[in-house]
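Here is what each chain is made of, one letter per residue.
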Amino acid sequence: MTKLTLLQTAYNAAEDKKAEDIVVLNMEGISLLADYFIICSGNSDRQVQAIAKELIDKSNEAGNEVKSVEGFDAARWILIDMGDVVAHVFHRDERSYYNLERLWREAPTLEI
């Protein structure tokens, strides 16, 4: 699976679960962690977990093993490491507090 196919799969999974304010940052040459970050949010703990579960399931179904998942039980900020793509699924209250878009403002955004 190419990284762009993985990115599209992850984006679609977040969109399918009604994630809000989905932003894709191109991290190539900026971060050693991943080539792309997906940042999105949900309105409740249950929705945040549903978005994260869909991202995990769709990544695995596509043949891409998820490397790690952090924060699933707390459902405030779930980080899903899919290799070339890292997804950050926030509860809407936490997203504005951490403001990753500002932290990584030098990263160009992509339209999917």
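Below is a short write-up of the structure. (Residues numbered from 1 in each chain as written. Predicted model: local features only at pLDDT ≥ 70, side-chain atom pairs only at ≥ 80, totals over all residues. Heavy atoms only, no water.)

**So, the packing of aromatic side chains**
Part 1 of the reasoning: Per the stated rule, a full pass over the model turns up 5 aromatic pairs.
Part 2 of the reasoning: An aromatic cluster is present here, built from Trp77, Phe90, Tyr97 and Tyr98 joined pairwise through their rings. (Phe/Tyr/Trp six-rings, centres within 6.5 Å; stacked < 30°, edge-to-face > 60°.)

**Thoughts on the pairing of strand 4 (residues 77–81)**
Part 1 of the reasoning: Note that strand 3 (residues 68–70) and strand 4 share 3 bridges and pair antiparallel. Counterpart to valine 69 in the pairing with strand 4 is isoleucine 80.
Part 2 of the reasoning: In sequence, strand 3 turns back onto strand 4 through a hairpin of 6 residues, with glycine 71 there showing a positive phi of about 85 degrees.
Part 3 of the reasoning: Where strand 4 lies against strand 5 (residues 85–91), 5 bridges are found, and the strand directions are antiparallel. By the bridge assignment for strand 5, tryptophan 77 is matched with phenylalanine 90.
Part 4 of the reasoning: Following strand 4, the chain reverses through 3 residues before pairing antiparallel with strand 5; glycine 83 in that reversal takes a positive phi of roughly 95 degrees. (Pairing = 2+ DSSP bridges. Helix = DSSP H or I, 4+ residues; strand = E, 2+ residues; numbered from the N terminus.)

**Quick word on helix 1 (residues 3–16)**
Part 1 of the reasoning: Taking 1.5 Å per residue, 14 residues should reach 20 Å; helix 1 reaches 20 Å between its end C-alpha atoms and fits that length.
Part 2 of the reasoning: Restricting attention to buried positions, one finds in helix 1 the residues Leu6, Leu7, Thr9, Ala10, Tyr11, Ala13 and Ala14.
Part 3 of the reasoning: Contact partners of the buried residues in helix 1: strand 1 (20–26), strand 2 (36–42), helix 2 (45–61), strand 5 and strand 6 (109–110).
Part 4 of the reasoning: A positive phi of about 65 degrees marks lysine 18, the residue just after helix 1. (Expected span 1.5 Å × (residues − 1). Buried < 20%, exposed > 50% of the residue type's maximum accessible area, 1.4 Å probe, protein only. Contact = heavy atoms within 4.5 Å.)

**Remarks on unusual backbone geometry**
Part 1 of the reasoning: Despite not being glycine, lysine 18 has its phi angle at roughly 65 degrees, a positive value.
Part 2 of the reasoning: Position of lysine 18 among the secondary structure elements: in the loop between helix 1 and strand 1.

**Here's the deal with the nonpolar core**
Part 1 of the reasoning: Within the largest apolar cluster, 25 residues are counted, with the highest numbers of intra-cluster contacts made by Ile38, Leu55, Ile80, Met82, Val85 and Val89.
Part 2 of the reasoning: Contributing elements (two or more residues each) for this core: helix 1, strand 1, strand 2, helix 2, strand 4 and strand 5.
Part 3 of the reasoning: Of all the elements, helix 1 adds the most residues to this core, at 6 residues.
Part 4 of the reasoning: Ignoring sequence-local partners within four residues, the contact set of leucine 55 consists of Ala10, Ala13, Ala14, Ile80, Met82, Ala87 and Val89.
Part 5 of the reasoning: By size, the runner-up hydrophobic cluster in this structure holds 11 residues, among which are Ile39, Val86, Leu100 and Trp104. (Core = buried A, V, L, I, M, F, W, Y, C linked by side-chain atoms within 4.5 Å.)

**Topic: the pattern of salt bridges**
Part 1 of the reasoning: Counted according to the given criterion, the structure contains 10 salt bridges.
Part 2 of the reasoning: A salt bridge links lysine 3 to glutamate 28, with the nearest nitrogen and oxygen atoms 2.9 Å apart. Here lysine 3 is found in helix 1, whereas its partner glutamate 28 is found in the loop between strand 1 and strand 2, with 25 residues between them in sequence.
Part 3 of the reasoning: You can call lysine 3 partly exposed: its relative accessible area is 28%.
Part 4 of the reasoning: In this structure, aspartate 57 and lysine 53 form a salt bridge, with 2.9 Å as the shortest nitrogen-oxygen distance. Here lysine 53 and aspartate 57 lie together in helix 2, a separation of 4 residues that amounts to about one turn. (Salt bridge = Lys/Arg side-chain N within 4 Å of Asp/Glu carboxyl O.)

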